[in-house]
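Residue-level structural notes
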Amino acid sequence: MKKIPDNITSFLHDQGYVIVSTIDKSGFPHSACKGMVEIKRHGELYLFDLYKGRTYENLQQNPHMSITAVNEHKFTGYCLQGKARILLQDTLKAELLKAWEDKIASRLTQRLLKNIREEKGHPRHPEALLPKPEYLIAMEVEEIIDLTPHHLK
């Protein structure tokens, strides 16, 4: 497991979501947006998945995955690669579910505030319609790649 530096932890917490990439049984990549729930400095991070779809199927076949997060405005980003474990809903800790609920409430609040400021986005509030998570992805980080172009560092 690779330790996650504080600056990368802060960067990931600042993102609304990350892109999770897995590999399907034919060897093709699959990417999906997921919400980060918790990041452990020692090198483990947790993401909830609301549906048992392709990401779930792929991780059952092959635990290798990556998460990617970028800040377009600052032209920075990171890709974390590692192996996943699937934790089903009935084994989840109450504090992780609470952290997810808090994150959804925060996202909903931010959307409402943007709408009030006339920065219209989605006509509904999709966060309020999300189902409870089906399972948790626990990823042990093995590699961290800085996506910031070298000439900008």
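Residues numbered from 1 in each chain as written. Predicted model: local features only at pLDDT ≥ 70, side-chain atom pairs only at ≥ 80, totals over all residues. Heavy atoms only, no water.

With that out of the way, let us pick up the overall build of the chain. Scanning the chain for helices and strands turns up three helices and six strands. Counting from the amino terminus, helix and strand elements in the chain follow one another as α-β-β-β-α-β-β-α-β. Relative to its full complement of 153 residues, the chain shows a buried share of 36%. Long-range pairs, those at least 24 residues apart, make up 71% of the contacts in the chain with a sequence separation of at least 6. In the structure as shown, the chain presents an accessible area of about 9,600 Å², 53% of it carried by carbon and sulfur atoms. (Helix = DSSP H or I, 4+ residues; strand = E, 2+ residues; numbered from the N terminus. Buried < 20%, exposed > 50% of the residue type's maximum accessible area, 1.4 Å probe, protein only. Contact = heavy atoms within 4.5 Å. Areas by Shrake-Rupley, 256 points an atom, 1.4 Å probe, with all protein chains shown as cover.)

Spatially, β1-β2-β3-β6-β5-β4 is the arrangement adopted by the six strands of the closed barrel, whose pairing is antiparallel. When the angles between neighbouring strand axes are averaged without regard to direction, this sheet yields 45°. Of the strand pairs in this sheet, strand β1 (residues 18-23) and strand β2 (residues 29-40) are connected by six bridges, and their pairing is antiparallel. Bridged to V18 within β2 is K34. (Pairing = 2+ DSSP bridges. Axes fitted to C-alpha atoms, helices over the stretch in contact; angles between N-to-C directions.)

Our focus in this paragraph is the nonpolar core. Judged by nonpolar contacts, the single largest core of 23 residues is most densely connected at L12, L45, L47, M65, I67 and L80. Secondary-structure elements contributing two or more residues to this core are α1 (6-14), β1, β2, β3 (44-49), α2 (54-61), β4 (64-71), β5 (76-88) and β6 (135-146). Here the element with the most residues in this core is β6; it accounts for five residues. Counting residues in hydrophobic clusters, the runner-up holds five residues, among them V37, Y46, L136 and A138. (Core = buried A, V, L, I, M, F, W, Y, C linked by side-chain atoms within 4.5 Å.)

Of the strand pairs in this sheet, β3 and β6 are connected by six bridges, and their pairing is antiparallel. Paired with L47 across the two strands is I137, which belongs to β6. Of the pairings in the sheet, the one linking β5 to β6 comprises eleven bridges and is antiparallel in character. Bridge pairing links L87 to L136 in β6.

Next up on the list: the pattern of salt bridges. By the definition in use, this model includes five salt bridges. Several salt bridges share partner residues, and in doing so they unite E44, R85 and E140 into one network. (Salt bridge = Lys/Arg side-chain N within 4 Å of Asp/Glu carboxyl O.)

Our next topic: the pairing of β4. Here three bridges tie β1 to β4, and the two strands are oriented antiparallel to one another. Note on β4: the bridge partner recorded for V20 is I67. Judged from the eight bridges that link them, β4 and β5 form a sheet pairing that is antiparallel. Within β5, the residue paired with V70 across the bridge is G77. In this antiparallel pair of consecutive strands, β4 and β5, the connection spans four residues, and F75 shows a positive phi of 60°.

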